Amino acid sequence: MEFMNNIEYGWVDKNNNKHSIVDEFYSDNYILQGPEETMNSKTGVCWDQVELERYYFENIGVNVNTYFLCHYDDNMCPTHTFLVYKKDSDFYWFEHSWNKYKGIHKYNSLKRLLADVKNKFIKTELNNNYNKNNLMFYEYSKPKYGMSVIDFYKHCEKSNSLHIDNL
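Residues numbered from 1 in each chain as written. Predicted model: local features only at pLDDT ≥ 70, side-chain atom pairs only at ≥ 80, totals over all residues. Heavy atoms only, no water.

Draft legend 1. Representation of the sheet that holds strand β3 (residues 64–71) within the structure. Taken in spatial order, the six strands of this open sheet run β6-β5-β4-β3-β7-β8, and their pairing is antiparallel. With partners counted over all chains shown, the strands left at the sheet margins are β6 (103–107) and β8 (160–162), one partner each. Ignoring strand direction, the axes of neighbouring strands in this sheet form an average angle of 30°. The pairing of strand β7 (residues 135–140) with β8 spans three bridges and is antiparallel. Bridging across to β8, Glu139 finds its partner in Asn160. Lying over the sheet, helix α3 (residues 46–59) contacts β3, β4 (79–87), β5 (90–95) and β7, oriented at roughly 15° with respect to β4. (Pairing = 2+ DSSP bridges. Helix = DSSP H or I, 4+ residues; strand = E, 2+ residues; numbered from the N terminus. Axes fitted to C-alpha atoms, helices over the stretch in contact; angles between N-to-C directions. Contact = heavy atoms within 4.5 Å.)

Rendered as structure tokens:
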């Protein structure tokens, strides 16, 4: 977490310009950074930050799972990605980019961890716009760096979809 504190929330566009706010230009201009690019730019949205976290954990021999949460609607389609690792019999949600929940959160089961993240996402990000039929949860594999927003969605959507109602 100390290492991740060097990374600011934001995104880097196709021309390597940094942006601190996800705005109307994001969808057409974002590219998924690789870990080294995120370290160099010191900027990344949760998608970029999770890939840097994955890189770090895998380099120290810790197996991780990564998750993509998305609420599909006509306008914003809010998303969040996050990393989970297991130590002994406990599961840990490693969160850096979602400032309100920044930290390492311990759970005694993966189901409780995922349910907690889902409920925080609904409460914090969706307010009154929540429709349970629009909320999807995916466990996704390492993507190719340099992907666009659309390509990242497609990558996650072809991954394991989780039954959100069971959480």
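Draft legend 2. Just unusual backbone geometry, in detail. Phi at Lys42 takes a positive value of approximately 55°, unusual for a residue other than glycine. The exposure class assigned to Lys42 is partly exposed, which follows from its relative accessible area of 44%. (Buried < 20%, exposed > 50% of the residue type's maximum accessible area, 1.4 Å probe, protein only.)

Draft legend 3. Expanded view of the packing of aromatic side chains. This structure, assessed with the given rule, holds 24 aromatic pairs. Ring centres 6.0 Å apart and planes at 80° place the aromatic pair Trp47 and Tyr153 in the edge-to-face group. Of this pair, Trp47 sits in helix α3 while Tyr153 sits in helix α5 (residues 149–157), and the two are 106 residues apart along the sequence. Like Trp47, the residue Tyr153 is buried in the burial classification. Measuring from centroid to centroid gives 6.1 Å for Trp93 and Tyr101, while their planes differ by 40°, and the two rings are tilted. Across this residue pair, the class does not change: Trp93 and Tyr101 are buried. Members of the aromatic cluster, each reached through a chain of ring pairs, are Trp11, Tyr26, Tyr30, Trp47, Phe68, Tyr72, Tyr138, Tyr140, Phe152 and Tyr153. (Phe/Tyr/Trp six-rings, centres within 6.5 Å; stacked < 30°, edge-to-face > 60°.)

Don't take any of this as a statement about function, it's just geometry.
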